[in-house]
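Survey of secondary and tertiary structure
This is what each chain is made of:
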Amino acid sequence: QEYIENIFKFSKEEIEAIIKKYNLIRCKYKLLFSKLEDVQRIKYKTPLVSIIVPHYNGKKYLEQLFDTTLNQTYKNIELLLVDDFSTDDESLEIIKRQREKDSRVRLIPMPKKGGYGNFGVEEGLKHVKGEYFTVLTQDDFLDKDYVEKCVEQINKTGAEIVLSRAHYFKGEGKKRRQIGKNFKHPISGKKAFALGLDWEISNHGLRSVKLLEKDPF
């Protein structure tokens, strides 16, 4: 404002100096805002998260499964139910009806009978569209902000894997044990592996799909 009011008092050299200084400041701010936009894109990304669930005759669990996954506070998800030749047509009809209601639901038939959950996971990984994935069994359930908190940690730390605590239940909702603890800083994969052997951390969480390129399932 002072420059504007006194512009006619300045010499040609002073005016050129002011313009040069202004252009320098403008360039610095332009660079700053550009960097901030880059940080925002990287730090606060909202990647698609794929939730893989091997499924077999899961009628009794489907309502809870849909509620715990599709009603997450984080909405950018897809739910892949990998069906291993279910013999009850009713569970498949429930899945198909839910798929009509919510396009995030996908039903993946196994090409041949697997007989074990890991085969369903392996088949599901061939179909994921997300940048990150997690695996549930058909009777698992999540806190409603589970995915959101995991993505927040990915954005905060840049980690390729974010693991959560897990609670195991027995019978009618009776909590049996808790696995996992909080860490103030990210840990290496080697340390995580060692802790996992002693059940000090769980294997539940989000993983980057890029890891599959380094170490296929």
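Owing to the predicted nature of the structure, the values given are computational and were not obtained by experimental measurement.

If you want to describe how two helices pack, look at the angle between their axes and the distance between the axes. Running from N to C, helix H3 (residues 59-70) and helix H4 (residues 89-101) point in directions that differ by 20°, and their axes come no closer than 9 Å. When the axis of H3 is compared with that of H4, the two are roughly parallel. Crossing angle aside, the handedness with which H3 passes H4 is right-handed. In contact with Lys59, Leu62, Phe66 and Leu70 of H3, H4 contributes Glu90, Ser91, Ile94, Ile95 and Gln98. Among the residues making up the contact of H3 with H4, the classes are represented as five nonpolar, two polar and two charged.

Counted according to the given criterion, the structure contains six salt bridges. Here Lys59 ties to Glu90 by a salt bridge, and the two come within 3.0 Å at their closest N and O atoms. Separated by 31 residues along the polypeptide, Lys59 in helix H3 and Glu90 in helix H4 bring together distant segments of the chain. Take Lys59: its relative accessible area is 42%, and that puts it in the partly exposed class. When the shortest N-O distance is used, the salt bridge between Lys144 and Asp67 registers 3.6 Å. Residue Lys144 is located in the loop between strand S4 (132-135) and helix H6 (146-157), and its partner Asp67 is located in helix H3; the two are separated by 77 residues in the primary sequence. Overall, the relative accessible area of 37% leaves Asp67 in the partly exposed class.

Attention shifts here to the sheet that holds strand S3 (residues 105-109). A sheet is described by the order of its strands in space; here six strands give the open sequence S3-S2-S1-S4-S8-S5, paired in mixed fashion. The open sheet is flanked by S3 and strand S5 (161-163), the only strands paired with a single partner. On average, adjacent strands in this sheet sit at an angle of 25° to one another, irrespective of strand direction. Direction of pairing for strand S1 (residues 49-55) relative to strand S2 (residues 77-83): parallel, over a ladder of seven bridges. Of the residues in S2, the one forming a bridge with Pro54 is Val82. Lying over the sheet, H3 contacts S1, S2 and S3, oriented at roughly 155° with respect to S2. The strands touched by H4 within the sheet are S1, S2 and S3, with S3 carrying the most contacts at an inclination of about 140°.

Here Gly189 shows up in helix H7 (residues 189-197). Classification of Gly189 as exposed rests on a relative accessible area of 56%. Distance from Gly189 to Ile161, taken between C-alpha atoms, is 8.8 Å for residues 28 residues apart in sequence.

What follows concerns H4. End to end, H4 covers 19 Å across 13 residues, agreeing with the expected 18 Å (1.5 Å per residue, within 8%). The set of residues buried in H4 consists of Ser91, Leu92, Ile94, Ile95 and Gln98. Looking down the long axis of H4, one finds its buried residues gathered within 155° of arc, a one-sided arrangement. Pointing more than 90 degrees away from the buried face of H4 are the exposed residues Asp89 and Glu100. If you follow the buried residues of H4, they end up packed against S1, H3, S2 and S3.

With that settled, the discussion passes to the nonpolar core. Residues Val49, Phe66, Leu79 and Leu81 are the most contacted members of the largest nonpolar core, which totals 27 residues. Breaking this core down by element, the ones donating at least two residues are S1, H3, S2, H4, S3 and H6. A per-element tally of this core places H6 first, with five residues. Each residue touching Val49, except ones within four places of it in the same chain, is listed here: Tyr74, Asn76, Ile77, Glu78, Tyr132, Val147, Val151 and Leu206. Val82, Met110, Val128 and Phe133 belong to the second-largest nonpolar core, a separate cluster that totals nine residues.

Quick notes on the rules
Residues numbered from 1 in each chain as written. Predicted model: local features only at pLDDT ≥ 70, side-chain atom pairs only at ≥ 80, totals over all residues. Heavy atoms only, no water. Axes fitted to C-alpha atoms, helices over the stretch in contact; angles between N-to-C directions. Helix = DSSP H or I, 4+ residues; strand = E, 2+ residues; numbered from the N terminus. Parallel < 35°, antiparallel > 145°, perpendicular 65-115°, else oblique. Left-handed = near helix turned anticlockwise from the far one by under 90°. Contact = heavy atoms within 4.5 Å. Nonpolar A, V, L, I, M, F, W, Y, C, P; charged D, E, K, R; others polar. Salt bridge = Lys/Arg side-chain N within 4 Å of Asp/Glu carboxyl O. Buried < 20%, exposed > 50% of the residue type's maximum accessible area, 1.4 Å probe, protein only. Pairing = 2+ DSSP bridges. Expected span 1.5 Å × (residues − 1). Arc of directions from axis to C-beta. Core = buried A, V, L, I, M, F, W, Y, C linked by side-chain atoms within 4.5 Å.

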